[in-house]
Amino acid sequence: MEGWPKGAHDGLGIVASILLVVFVTAASDYRQSLQFKDLDKEKKKIQVQVTRNGFRQRLSIYDLLPGDVVHLAIGDQVPADGLFISGFSLLINESSLTGESEPVAVNADNPFLLSGTKVQDGSCKMLVTTVGMRTQWGKLMATLSEGGDDETPLQVKLNGVATIIGQIGLFFAVITFIVLSQGLFSKKYHEGLLLSWSGDEALELLEHFAIAVTIVVVAVPEGLPLAVTLSLAFAMKKMMNDKALVRHLAACETMGSATTICSDKTGTLTTNHMAVVKACICGNIKEVNGPQNASKLCSELPEIVVKTLLESIFNNTGGEVVFNQDGKYQILGTPTETALLEFALALGGDFKSKRDETKIVKVEPFNSTKKRMSVILELPGGGRRAHCKGASEIVLAACDKFIDDTGSVHPLDKTTADKLNGIIDSFAGEALRTLCLAYREMEEGFSILDHIPSQGYTCIGVVGIKDPVRPGVRESVATCQAAGIMVRMVTGDNINTAKAIARECGILTEEGIAIEGPEFREKSLDELLKLVPKIQVMARSSPLDKHTLVKHLRTTFNDVVAVTGDGTNDAPALHEADIGLAMGIAGTEVAKESADIIILDDNFSTIVTVAKWGRSVYINIQKFVQFQLTVNVVALLVNFSSACFTGNAPLTAVQLLWVNMIMDTLGALALATEPPNNDLMKREPVGRTGKFITNVMWRNILGMSFYQFFVMWYLQTQGKNFFGLERSDTDVALNTIIFNSFVFCQV
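Rules of the game
Residues numbered from 1 in each chain as written. Predicted model: local features only at pLDDT ≥ 70, side-chain atom pairs only at ≥ 80, totals over all residues. Heavy atoms only, no water. UniProt positions renumbered as here; feature names shortened; annotations may be inferred. Helix = DSSP H or I, 4+ residues; strand = E, 2+ residues; numbered from the N terminus. Buried < 20%, exposed > 50% of the residue type's maximum accessible area, 1.4 Å probe, protein only. Contact = heavy atoms within 4.5 Å. Areas by Shrake-Rupley, 256 points an atom, 1.4 Å probe, with all protein chains shown as cover. Salt bridge = Lys/Arg side-chain N within 4 Å of Asp/Glu carboxyl O. Pairing = 2+ DSSP bridges. Axes fitted to C-alpha atoms, helices over the stretch in contact; angles between N-to-C directions. Disulfide = S-S within 2.5 Å. Core = buried A, V, L, I, M, F, W, Y, C linked by side-chain atoms within 4.5 Å. Parallel < 35°, antiparallel > 145°, perpendicular 65-115°, else oblique. Left-handed = near helix turned anticlockwise from the far one by under 90°. Patch = residues over 30% accessible without salt bridge, like charges linked within 9 Å, V, L, I, M, F, W, Y side chains within 5 Å. Expected span 1.5 Å × (residues − 1). Polar contact = N/O pair within 3.5 Å; in protein donor to acceptor, adjacent residues only side chain to side chain. Arc of directions from axis to C-beta.

Under the annotation held in an unreviewed UniProt entry, the protein chain carries the name Calcium-transporting ATPase and is attributed to Panicum virgatum. Of the comments in the UniProt record for the protein chain, the one headed Sequence similarities (unreviewed entry) reads "Belongs to the cation transport ATPase (P-type) (TC 3.A.3) family. Type IIB subfamily." Among the UniProt annotations of the protein chain, the heading Subcellular location (unreviewed entry) holds the following wording: "Membrane".

S.K.: How do you make sense of the overall build of the protein chain when you look at a structure like this?
M.R.: Scanning the protein chain for helices and strands turns up 24 helices and 26 strands. Within the protein chain, buried positions represent 50% of all 747 residues. Nonlocal contacts in the protein chain, meaning residues at least 24 apart in sequence, comprise 69% of its contacts between residues at least 6 apart. Put simply, the protein chain shows about 34,700 Å² of open surface, and 57% of that area lies on carbon and sulfur atoms.

S.K.: Hey, could you run me through the UniProt feature "transmembrane region" (unreviewed entry) in the protein chain in this one?
M.R.: Residues annotated in UniProt with the feature "transmembrane region" (unreviewed entry) correspond here to residues 12-30, 164-185, 205-235 and 696-715. Across residues 164-185, the secondary structure splits into 100% helix and 0% strand, with the terminal C-alpha atoms separated by 31 Å.

S.K.: How should I be thinking about the side chain of Ser181 in this particular structure?
M.R.: Mapped onto the secondary structure, Ser181 falls in helix α4 (residues 153-190). Ser181 gets classed as buried once you look at its relative accessible area, which sits at 2%. Setting aside anything within four residues of it in sequence, one finds Ser181 in contact with Leu205 and His208.

S.K.: Please clarify how the pattern of salt bridges should be interpreted in this entry.
M.R.: Going through the model one piece at a time under the given rule, you end up with 24 salt bridges. Glu201 is the salt-bridge partner of Lys188, the closest N and O atoms lying 2.9 Å from each other. Separated by 13 residues along the polypeptide, Lys188 in helix α4 and Glu201 in helix α5 (residues 199-219) bring together distant segments of the chain. Glu201 carries the same exposure label as Lys188, and that label is buried. Residue Arg554 is joined to Asp578 by a salt bridge in which the shortest nitrogen-to-oxygen separation is 3.2 Å. On the criterion of sequence distance, the pair formed by Arg554 in helix α18 (residues 543-556) and Asp578 in the loop between α19 (571-576) and β25 (579-583) is long-range, its members being 24 residues apart. Of the residues examined, Arg554 reaches a relative accessible area of 21% and is grouped as partly exposed. With relative accessibility at 18%, the residue Asp578 sits in the buried group. Beyond isolated ion pairs, a larger network of salt bridges with shared partners links Lys265, Arg433 and Asp493.

S.K.: Just checking my understanding: could you explain the sheet that holds strand β21 (residues 486-490) for this structure?
M.R.: Strand-to-strand pairing in sheets goes through backbone hydrogen bonds, with the strands running parallel or antiparallel. With mixed pairing, eight strands are arranged side by side in an open sheet as β8-β26-β25-β24-β9-β21-β23-β22. Each end of this open sheet is capped by a strand with a single partner; those strands are β8 (244-246) and β22 (513-516). Direction aside, the axes of adjacent strands within the sheet are offset by 20° on average. For strand β24 (residues 561-565) and β25, the ladder comprises four bridges, and the chain directions are parallel. Of the residues in β25, the one forming a bridge with Gly565 is Ala582.

S.K.: Explain the state of the cysteines to me, please; I cannot follow it from the model alone.
M.R.: Two cysteines joined by a covalent bond between their sulfur atoms form a disulfide. Inspection of the entire model under this criterion finds zero disulfides. In this structure Cys282 is not part of a disulfide, and its nearest cysteine sulfur, from Cys280, lies 8.7 Å away.

S.K.: So what exactly am I meant to see when it comes to the nonpolar core here?
M.R.: Of all hydrophobic cores here, the largest spans 72 residues; its most connected members are Met239, Met255, Ile579, Ile597 and Phe604. Ranked by the residues each element gives to this core, the list is headed by helix α21 (residues 604-646), at 17 residues. What Met239 contacts, discounting residues up to four positions off in sequence, is Ala244, Val246, Cys252, Ile597, Val610 and Trp613. If you look at the next biggest cluster of nonpolar residues, it comprises 31 residues, including Val276, Val288, Ile313 and Ile465.

S.K.: I keep staring at the packing of helix α14 (residues 473-482) against α21 and nothing clicks. Help me out?
M.R.: The geometry of a pair of packed helices is captured by two quantities: the angle between their axes and the separation between those axes. Axis separation between α14 and α21 bottoms out at 8 Å; the angle between their running directions is 30°. Taken together, the axes of α14 and α21 are roughly parallel relative to one another. Between α14 and α21 lies a crossing whose hand is left-handed. Every residue of α21 that contacts α14 at Val473, Ser476, Val477, Thr479 and Cys480 is listed here: Phe604, Ser605 and Val608.

S.K.: Teacher, can you tell me more about the packing of α14 against helix α15 (residues 495-505) here?
M.R.: Direction vectors running N to C along α14 and α15 enclose 75°, while the axes themselves pass 8 Å from each other. When the axis of α14 is compared with that of α15, the two are roughly perpendicular. Residues Val473, Arg474 and Val477 of α14 form the contact with α15, whose participating residues are Arg503, Glu504 and Cys505.

S.K.: Would you explain a nonpolar patch on the surface in this entry?
M.R.: The grouping of Phe185, Tyr189, Leu194, Leu195 and Trp197 at the surface amounts to a nonpolar patch, some 570 Å² of accessible area in total. If you trace the backbone, Leu195 turns up in the loop between α4 and α5.

S.K.: Any chance you could explain the pairing of strand β14 (residues 359-364) here in plain terms?
M.R.: On a regular strand, one side chain projects to one face of the sheet and the next to the other, so that they alternate. Most of β14 is tucked away, with five of its six residues classed as buried. Here β14 runs beside strand β15 (residues 372-378); their pairing, made up of five bridges, is antiparallel. Considered in β15, the bridge of Lys362 is made with Ile376.

S.K.: Would you take a moment to explain helix α10 (residues 335-346) for this structure?
M.R.: For the α-helix, the turn length of 3.6 residues means that residues three or four positions removed from each other point alike. In this model α10 runs 16 Å from its N-terminal to its C-terminal C-alpha over 12 residues, within 8% of the 16 Å that 1.5 Å per residue would give. Of all the positions in α10, only Thr336, Glu337, Thr338, Ala339, Leu340, Leu341, Phe343 and Ala344 are classed as buried. Following α10 by one or two positions, Gly348 has its phi on the positive side, about 100°.

S.K.: Explain the environment of His71 to me, please; I cannot follow it from the model alone.
M.R.: As for its position among the elements, His71 is in strand β3 (residues 69-72). Put simply, His71 and Cys124 are 53 residues apart on the chain and 6.0 Å apart in space, counted from C-alpha to C-alpha. Once residues lying within four places of it in the same chain are set aside, the contact partners of His71 are Gln49, Val50, Thr51, Arg56, Asp76, Cys124 and Lys125. Looking at His71, its side chain comes within polar contact range of the side chain of Thr51, at 2.7 Å.

S.K.: When you look at unusual backbone geometry in this model, what are you seeing that I'm missing?
M.R.: In terms of backbone geometry, most residues other than glycine have negative phi values and most peptide bonds are trans. Positive phi, normally seen in glycine, also occurs at Asn53, with a value near 55°. Along the chain, Asn53 falls in the loop between β1 (47-52) and β2 (55-60). Since its relative accessible area comes to 71%, Asn53 is described here as exposed. If you check the backbone angles, Asn558 has positive phi at about 60° while not being a glycine. Tracing the chain through its elements places Asn558 in the loop between α18 and β24.

S.K.: I tried to follow α14 on my own but got confused; where do I start?
M.R.: Within α14, burial applies to Val473, Ser476, Val477 and Cys480. The arc that holds every buried residue of α14, seen down its axis, measures 100°, which confines them to one face. Next to the buried residues of α14 lie β9 (260-263), β21, α15 and α21. Directly beyond the C-terminal end of α14, a positive phi value near 80° is found at Gly484.

So this is what it looks like as structure tokens:
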């Protein structure tokens with residue numbers, strides 16, 4: 001319309017602004033993709049126990065070679081294709097490959113183990129035959145491409161807002177075009193020249209259409225998705241520095257709305273480094289927290305009792321004492337198994353020689369249903385003996401005899417049983433995890449195909465294992481409570497132990513309820529409606545109990561629930577929760593795969609940091625929305641009203657592109673990347689039904705919008721810019737930037 005070079009200003013300006021936005025967005029997306037690659041590398045750092053060159057060691061799954069012997073236990077993921085060498089009661093979940101939920105028994109008759117499957121029960125040694133992309137899992141992955149990240153709930157909500165605003169903008173644009181063009185069409189109609197258009201008239205109509213388009217451009221808040229992406233990517237990277245690996249993008253913002261945290265005890269609230277500190281052997285309670293005390297205890301016990309005790313601990317275990325290349329011994333196994341083995345070594349036992357004395361012919365591993373582990377040994381002089389250990393009240397109930405202080409076996413009468421139960425309660429009251437050890441001589445004719453008997457045992461003794469509370473947990477729990485987040489403990493421990501730890505952490509209060517899983521699952525729905533909000537501690541819980549509690553909190557009480565866990569038994573609850581948090585050190589691969597966030601240092605304090613970052617994301621997006629809606633409302637009102645009353649729009653398409661570019665990039669960078677502060681944890685959580693744009697925000701948006709509108713309207717009607725100078729083409733961009741910056745500073 002204006003010729004070269006003046007007429008090229010708008011076109012070149014549009015091209016330049018589009019290129020700038022494209023390159024800024026591309027750079028942001030590229031940096032985000034690099035962050036996701038780094039996070040994916042962290043997620044794939046899986047360690048396995050391997051015997052190589054005669055030494056047992058921990059290796060990354062990427063260092064496995066054919067010929068290695070891998071040791072697998074409950075909850076582990078099979079890292080490669082291989083063959084079963086030896087093991088007990090091995091059940092493999094092959095649903096990730098076959099889709100069948102029924103576990104497959106793997107043994108000498110069916111020895112094939114496939115990469116990507118999971119150990120559901122039992123333990124084994126596996127000979128690696130195939131690794132990498134040559135495994136069945138690798139071949140499957142080669143045919144698939146990993147899908148993109150799903151939009152988070154906040155993104156969905158904001159995209160809905162953007163769509164509605166865009167529709168409003170389209171409505172105003174159509175009205176503006178009709179108002180501006182009705183005079184021209186009316187004139188042509190009265191002159192009878194509707195089908196005859198001159199070049200000037202066509203250009204005038206095109207100019208009206210351009211004004212309508214500028215109104216649409218003003219209305220659409222293009223910066224919202226960019227701001228959300230920037231905020232989440234920034235939070236994910238910073239949370240990684242704070243020892244939290246985010247696996248699912250939605251968890252960043254969802255954690256900010258959490259109203260309840262159902263926390264596991266062992267390894268999360270406590271250090272997960274256990275040691276036997278008390279023992280009741282032959283009816284006498286002894287302090288054994290140290291080698292000297294353990295040695296003293298050994299000298300006070302009859303020789304037959306020490307022999308039976310060591311036989312029980314060294315054989316009835318999922319752990320192992322191994323020697324490294326330097327000749328130093330190392331204990332491998334769960335924290336509980338490690339504590340018992342350390343206790344047995346302190347008593348003067350020798351793991352290898354004790355294991356060589358007998359032969360293990362059958363094993364029933366520990367699981368969360370039976371709450372005990374049993375083995376059957378073939379004795380050197382002939383005959384078989386069963387050893388059992390597990391939850392004290394369960395194993396003690398299976399005993400009908402006990403060993404006295406002389407080493408003699410006597411029937412377990414009610415008085416002695418009550419005394420032992422009292423000792424168990426006293427240990428639990430001191431926040432000790434208690435385990436009962438027992439044995440039984442097997443009768444002739446017993447077949448290893450039969451189940452190990454569940455009754456008729458002789459009680460050897462009870463041990464109390466201490467797992468101290470992590471430093472800073474009590475302060476972190478208090479921070480959560482001050483922020484309106486209720487912390488609940490869900491554990492498989494004895495209720496007295498759980499209550500003692502919960503009080504020490506500040507979780508259990510006078511108004512709260514501590515309940516056991518068996519009692520919880522017997523409650524009716526009406527009883528649960530009254531009970532669930534008050535539950536602060538659930539002890540002796542099964543995986544189903546934890547899942548049921550989380551489901552009721554989410555659906556019935558509309559809570560946003562975060563769940564922490566480290567075991568395979570925690571997977572259902574982790575999957576059911578709004579945010580699943582798995583422990584990175586103690587957590588099994590099944591738990592990590594079911595979680596949204598992995599806590600790399602297994603510390604409850606890190607969970608509080610995650611909640612703080614989640615709230616920061618939510619607040620930052622609110623700030624950006626307030627800023628952008630203010631500018632959009634003002635620009636829309638100014639352009640619409642001016643177009644309707646004066647016939648032209650004060651803000652051209654080029655100016656509006658610059659407005660959007662500045663808002664989308666600089667505004668998003670400034671407002672969406674603000675780090676959290678401690679004040680965020682002093683307000684109530686948003687929850688599931690909280691409003692994103694609050695009444696206060698609406699008052700701010702409308703108030704500033706109308707103020708800016710009247711200022712702009714006055715200056716435009718006077719033909720002035722923001723400096724009060726006569727408006728010219730050379731200062732329109734500066735005028736726009738000043739207007740945008742003025743609103744930004746006010747927000």
